[in-house]
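Structure at a glance
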Amino acid sequence: MISDLSDYTIILGGKYGVTCEEIDENSVATLLDNFLDKSKIMNKNEISKIEMNKDKRDESKITQSKMNKDEMNEAEICKDTDSWFDLILTDDLGIEIEKKMSNNVEVIKNPIEAQKKVISNNKNILFIYRSNYSQINKR
């Protein structure tokens, strides 16, 4: 569906009603935890590559007094990032999934507020929301 999640924030949640009882919260929590753990490992590998490249450049350019500003920023950004994508859990379903997860994830009760936050950060949104069958305005 999406090949590069770094440009996206995933918002996942829903209301209880006809549809949410069908969702296995334990399985969703496990899936999200596994995905977050895998992205952290991938990110650590990327950080190591950047640091190794930086060390090689430093060794070959001993006379150079300062590192390229873009390269420094790239390494700093990676060190501050736990994963390559953002996840926000929302509404009743999101709150219950978060309780079952081992990773710390952001929870915003109101899905509209979650959307506003992501939009203010200039990110794309993958919005997965299960509404109560009677709440047609939420679809």
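Residues numbered from 1 in each chain as written. Predicted model: local features only at pLDDT ≥ 70, side-chain atom pairs only at ≥ 80, totals over all residues. Heavy atoms only, no water.

Time to look at helix H3 (residues 91-100). Every buried residue of H3 is listed here: Asp91, Leu93, Gly94 and Ile97. The buried residues of H3 occupy an angular sector of 125° when the element is viewed end-on, so they sit on one face. (Buried < 20%, exposed > 50% of the residue type's maximum accessible area, 1.4 Å probe, protein only. Helix = DSSP H or I, 4+ residues; strand = E, 2+ residues; numbered from the N terminus. Arc of directions from axis to C-beta.)

It is worth spelling out unusual backbone geometry at this point. For aspartate 91, which is not glycine, the phi torsion reads 60° and is therefore positive. Tracing the backbone shows aspartate 91 in helix H3. Residue aspartate 91 is classed as buried on the basis of its relative accessible area of 2%. Despite not being glycine, asparagine 122 has its phi angle at roughly 55°, a positive value. Looking at the secondary structure, you find asparagine 122 in the loop between helix H4 (111-120) and strand E4 (124-130).

Another point: the environment of aspartate 7. Within the element layout of this structure, aspartate 7 appears in the segment before strand E1 (8-14). Relative accessible area serves as the criterion here: at 42%, aspartate 7 is assigned to the partly exposed category. In this structure, the C-alpha to C-alpha distance between aspartate 7 and phenylalanine 85, residues 78 residues apart in sequence, is 7.4 Å.

The quantities given are spatial measurements derived from coordinates; they are silent on function.
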